[in-house]
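# Coordinate inspection notes
One-letter residues, chain by chain:
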Amino acid sequence: MAGGHNAFLADKVTTMSTARVYATSAWRDAKDNLWAADPGLIRLRQGLRAATAVGTTILVQWIASKIVGVDGKAAVLHILLGAIVALTATNGIKELHRSSTVKTCAGVPFSAGFGVSLSYVVTHHPAATVPMFMVVVFIAVWVRRFGARWQTWGTTFFFGFFLNVFIKLPAHTAPSVFVALVVSAAWIAILLTTALHVDQRKLFVRTVSALRARMRSTVAAALAVIDTNGSRRTVAQLRQELAKATDAALLLDGLLADERSLPRGASPGVLRRWIVDLELGIDEVSSATLDLVRRAAAGDADARAALPAVRSTLETLGWADADAARTDARNLLDRHRQLQPVRRLVSGDRLLIDAVDDWTSGRIRMQEASAQGPGADFVPKVTLAGWSLPGSAGPAAVAIKTAHGNRRWIPLRLTTRHAVQLAVTAGVAVELGRLVSPDRYYWAVVTAFLMFTGAATASETARKAIGSMAGTFVGIWIAMSLEQLTAGNLAVSVSIMVACIFFAQYYAQVSSLVSRLFMTVALGQMFGLIEPALEHNLLLTRLGETVIGGLTGIVASAVILRVSTIDTQRAARHALLIRLAELLDRCADPTSHPRTDGDTLAAAIAVDEAARQLSAVAGSHIRPIMLDSEAAGRTQRVTILRLCAAGGRAVAQAVYRTEPPLPPGVSAACTELSAECRRLAGLARLGKATTPPDGPVPQRISDILGAERDDQHVVLYVRIQRLADSLGLLSPVHST
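Values in this document were obtained by computation on a predicted structure and should not be read as measured data.

## A short note on the overall build of the chain
Of the regular secondary structure elements, the chain holds 26 helices and zero strands. With 736 residues in all, the chain has 54% of them scored as buried. Long-range contacts, defined here as pairs at least 24 residues apart, represent 81% of the contacts in the chain between residues at least 6 apart.

## Overview of the environment of phenylalanine 204
Mapping phenylalanine 204 onto the fold places it in helix 8 (residues 200-227). Judged by its relative accessible area of 1%, phenylalanine 204 is buried. Put simply, phenylalanine 204 and leucine 252 are 48 residues apart on the chain and 6.8 Å apart in space, counted from C-alpha to C-alpha. Not counting chain neighbours up to four residues away, the residues in contact with phenylalanine 204 comprise Leu252, Leu255, Leu256, Ser261, Leu262, Pro263, Leu271 and Trp359.

## So, the packing of helix 5 (residues 129-142) against helix 6 (residues 148-167)
Interhelical geometry of helix 5 versus helix 6 gives an angle of 160 degrees and a closest axis separation of 8 Å. Of the possible angle classes, the one that applies to helix 5 and helix 6 is roughly antiparallel. On the side of helix 5, the interface is formed by Met132, Phe133, Val136, Val137, Ile139 and Ala140, while helix 6 contributes Gly154, Phe157, Phe158 and Phe161. Class assignment for the residues of the contact of helix 5 with helix 6 results in nine nonpolar, one polar and no charged.

## Digging into unusual backbone geometry
The phi dihedral of asparagine 229 is positive, around 60 degrees, even though this residue is not glycine. Here asparagine 229 shows up in the loop between helix 8 and helix 9 (232-255). The exposure class assigned to asparagine 229 is exposed, which follows from its relative accessible area of 60%. Not every positive phi belongs to a glycine, and leucine 561 is a case in point at roughly 50 degrees. Its location among the elements puts leucine 561 in the loop between helix 20 (535-559) and helix 21 (565-588).

## So, the nonpolar core
Of all hydrophobic cores here, the largest spans 82 residues; its most connected members are Leu81, Phe158, Phe161, Phe162, Tyr442 and Val445. Each residue touching phenylalanine 162, except ones within four places of it in the same chain, is listed here: Tyr442, Trp443 and Val446. Ranked by size, the runner-up nonpolar core spans 67 residues in total, among them Ala222, Ile353, Trp387 and Tyr656.

## Considering the environment of leucine 196
By secondary structure assignment, the location of leucine 196 is in the loop between helix 7 (174-193) and helix 8. Along the primary structure leucine 196 and arginine 49 are separated by 147 residues, whereas in three dimensions their C-alpha atoms are 6.4 Å apart. With residues up to four places along the chain from it excluded, the contact list for leucine 196 reads Arg45, Arg49, Thr52 and Leu191.

## Section: the side chain of threonine 461
Looking at where threonine 461 falls in the secondary structure, it is placed in helix 17 (residues 458-486). Classification of threonine 461 by relative accessible area gives buried; the value is 1%. With sequence-adjacent residues up to four places away left out, threonine 461 is seen in contact with Met451, Phe452, Ala455, Gly553 and Ser557.

## Let's talk about a nonpolar patch on the surface
Together, Leu59, Trp62, Ile63, Ile67, Val68 and Val179 give the surface a local cluster of nonpolar side chains, amounting to about 600 Å² of exposed area. If one sorts the elements of the nonpolar patch by residue count, helix 2 (residues 42-68) sits on top with five residues. Position of isoleucine 63 relative to the elements: it lies in helix 2. Classification of isoleucine 63 by relative accessible area gives partly exposed; the value is 41%.

## Side note on the packing of aromatic side chains
Both the distance between ring centres and the angle between the ring planes are used here to describe each pair of aromatic rings. Across all of its chains, the model carries 19 aromatic pairs by this definition. Ring plane angle 75 degrees and centroid distance 5.1 Å describe the contact between tryptophan 150 and tryptophan 153, whose orientation is recorded as edge-to-face. Taken as a pair, tryptophan 150 and tryptophan 153 lie in helix 6 at a separation of three residues, close to a single helical turn. Both rings, one in phenylalanine 158 and one in phenylalanine 159, keep their centres 5.3 Å apart while their planes meet at 80 degrees; by these two values the pair is edge-to-face.

## Here's the deal with the pattern of salt bridges
Tallying each qualifying case throughout the model produces 22 salt bridges. Of the charged contacts, one joins arginine 272 and aspartate 253 as a salt bridge, the two residues approaching to 2.9 Å between their closest N and O atoms. You can see arginine 272 sitting in helix 10 (residues 268-297) and its partner aspartate 253 sitting in helix 9, a full 19 residues away along the chain. For the pair arginine 272 and aspartate 253, a shared accessibility class is recorded, and that class is buried. Across the pair arginine 679 and glutamate 676 runs a salt bridge whose closest N-O atoms are separated by 2.9 Å. Of this pair, arginine 679 and glutamate 676 both sit in helix 24 (residues 666-681), three residues apart, which is roughly one turn of that helix. On the basis of relative accessibility, which here comes to 26%, the residue arginine 679 falls in the partly exposed class. For glutamate 676, a relative accessible area of 2% corresponds to the buried category.

## Regarding the state of the cysteines
Covalently bonding the sulfur atom of one cysteine to the sulfur atom of another cysteine gives a disulfide. Scanning the model with the defined rule gives zero disulfides in all. The cysteine cysteine 670 is free of any disulfide, with cysteine 587 supplying the nearest cysteine sulfur at 5.2 Å.

## A closer look at the packing of helix 10 against helix 13 (residues 340-361)
Viewed as axis vectors pointing N to C, helix 10 and helix 13 meet at an angle of 150 degrees, and their least axial separation amounts to 8 Å. Considered as vectors, helix 10 and helix 13 are oriented roughly antiparallel to each other. The interaxial crossing formed by helix 10 with helix 13 has left-handed handedness. Across the contact of helix 10 with helix 13, the residue classes break down as 16 nonpolar, five polar and seven charged.

## Here's the deal with the environment of tryptophan 477
The topology assignment puts tryptophan 477 in helix 17. Exposure remark for tryptophan 477: the relative accessible area of 43% places this residue in the partly exposed category. Along the chain, tryptophan 477 and glycine 524 lie 47 residues apart, while their C-alpha atoms are 9.9 Å from each other.

## As for helix 11 (residues 301-319)
Relative to the 27 Å expected for 19 residues at 1.5 Å per residue, helix 11 spans 28 Å between its end C-alpha atoms, a close match to the ideal helical length. By the largest-angle criterion, leucine 307 marks the main kink of helix 11, which is about 35 degrees, and a proline, proline 308, follows within four residues. Restricting attention to buried positions, one finds in helix 11 the residues Ala303, Ala306, Leu307, Ala309, Val310, Thr313, Leu314, Thr316, Leu317 and Gly318. Tucked inside the fold, the buried residues of helix 11 contact helix 8, helix 10, helix 12 (322-335) and helix 13. Measuring from the side-chain oxygen of the N-cap residue of helix 11 to the backbone nitrogen of aspartate 302 gives 3.0 Å; that N-cap residue is aspartate 300.

## Some details on the confidence of the model for the chain
For the chain, mean pLDDT is 82; residues scoring 70 or higher make up 85% of the total. Across the chain, the element-wise mean pLDDT spans from 58 in helix 1 (residues 2-37) up to 92 in helix 5. Counting interchain partners and residues more than four positions distant, the pLDDT-below-50 stretch residues 370-376 has 17 contacts.

Reading the values: rules and limits
- Residues numbered from 1 in each chain as written.
- Predicted model: local features only at pLDDT ≥ 70, side-chain atom pairs only at ≥ 80, totals over all residues.
- Heavy atoms only, no water.
- Helix = DSSP H or I, 4+ residues; strand = E, 2+ residues; numbered from the N terminus.
- Buried < 20%, exposed > 50% of the residue type's maximum accessible area, 1.4 Å probe, protein only.
- Contact = heavy atoms within 4.5 Å.
- Axes fitted to C-alpha atoms, helices over the stretch in contact; angles between N-to-C directions.
- Parallel < 35°, antiparallel > 145°, perpendicular 65-115°, else oblique.
- Nonpolar A, V, L, I, M, F, W, Y, C, P; charged D, E, K, R; others polar.
- Core = buried A, V, L, I, M, F, W, Y, C linked by side-chain atoms within 4.5 Å.
- Patch = residues over 30% accessible without salt bridge, like charges linked within 9 Å, V, L, I, M, F, W, Y side chains within 5 Å.
- Areas by Shrake-Rupley, 256 points an atom, 1.4 Å probe, with all protein chains shown as cover.
- Salt bridge = Lys/Arg side-chain N within 4 Å of Asp/Glu carboxyl O.
- Phe/Tyr/Trp six-rings, centres within 6.5 Å; stacked < 30°, edge-to-face > 60°.
- Disulfide = S-S within 2.5 Å.
- Left-handed = near helix turned anticlockwise from the far one by under 90°.
- Expected span 1.5 Å × (residues − 1).
- Bend = angle between axes of the 7 residues up to and from the residue.
- Polar contact = N/O pair within 3.5 Å; in protein donor to acceptor, adjacent residues only side chain to side chain.
- pLDDT = per-residue confidence, 0-100.

Following this line, the structure appears as structure tokens:
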């Protein structure tokens, strides 16, 4: 009986232990998903900033209205005007320095006040509505060329104009309106320099956590590839995780530009080398896993026998301690050393373990940087837009300069093109919007204005327009459903409005549909506070105006001074190949060995950033496949180019770690690959590339390395050959 009792206790302990392990695993995975989905928690912070700014500004404006003696509906209108201007300013101000934040906030009352002043012209002279809207949106967009601060002022200028056209405050209230704007700007300045100020060092540490979470997600995707025998779905998922890991690494490199972001004692040059090591390690682990799975599927008995041990090694790499991971990697290598993919996997495994151990132990702060890497000579290769990676504006600007045909007949800058497009859209949208509602036509202009914010090409503008229309449609029905719950309850309405603003900003960079859905619900609550009896009509009117603004913007971006997505993709592809050629030139230069030259790793980061921009532009296409016979080919070439970028980084890292002098044949091979990159970059259409007259690149590189190869630098030779093989895939057509 005692034995049975003991067995019962043992089973209970085992059950509790299993539950604890499961709970720990679930908590770890949940944290990983949060960190990986939002590197640095930037979107979460932006949502909290917006919600806090609006919620507290409403309270501050209410207090201010009591002080200045404004009450009734006028007080509600002043409060909402101040709150929306505060929201606009908070979204636009993403400065890391308090002094810059204060300067931007100081200009907000004047930019928004100027917009409010111009709105009185429309209210008193209806005939001036169309030209005034066209002028306002043109100025608001054109000033973006002067930087982020002017973009914020331009946006608050537009919304100051729009909001007063919407709420129609009489001219004699102008002084109190300006006071409301000053109060909002001052309060936002206080918030953004105190409670909502971004600690740069904490942002950097959180981004490192995101990168590590991305690495674990990539390892999990590699395990899924093994479990499904390399199904197309899991292979695609693995590539997506690799791309996301690279994005987090580039975000980190962008943060290296400011010394205040760095851990105390750490050098930006050392951190850049650490980032490249992490990228290379996960690339090696992923590509080696794919090679083993493909060999096993093709009938290779040795590869099939190695997969269980590989799976165990990957699990230990992703979720165990460093010592256990090193032991598993060593055992795997001892048992399956004859397989080249296993050797690559173990090499990447060790690189990841050492890099993570350097960070967690703090050794990275004590490492000496290379002679030219750190300090004042450090030059970031990624210029962040606020706290995020830049969009496609850079490649689009290059495409405008280099495009052929009727798309370049007027050589205007990107901001000027968008200003002209939006001005024409505003004029047409006002006239068409009046057909739906003579009094609420301006919603069509607002839709068009938001469409052109953050979009560079015609396809990106169209995507945002479609998302806006769909999100508005769904949001309107949700807002109508909430009417009975919030009617007459100010506290509930404001709470829902603030919560929706949080989610609208949280998803702003992810989905225009979801963001617009929540913003529409928030506006529904606002309409209920301003004109409760007309809330349903206002929401339905807004739907019609949104459709008009969206369709008008799509047509304008496609017809007027169009920025072609295909031309932009070609410009991004050209930039990637040139960056790759420059990286290979540095690796081939025997007079300045990369081991003492931090610029080599900088060039590797530049290649990664060019590859990311190419993928971003390629992903914005909206033309249906049945109308685009080259879509599949372009997608395949983008995938190959990303492989080439990863291959170039791998070569640079291997050269960087090689003691001088370089092994025989390496300089000649890198020079040959650089010439091939430039040849491909010079082609107008990569899809028509043919094999060079002197033979396929992989064969030429094999001949160079085969004549000079030694056994001490096998990894370097293998990486050079893999890059040559990838470049060879871009010119499969034989010349005639």
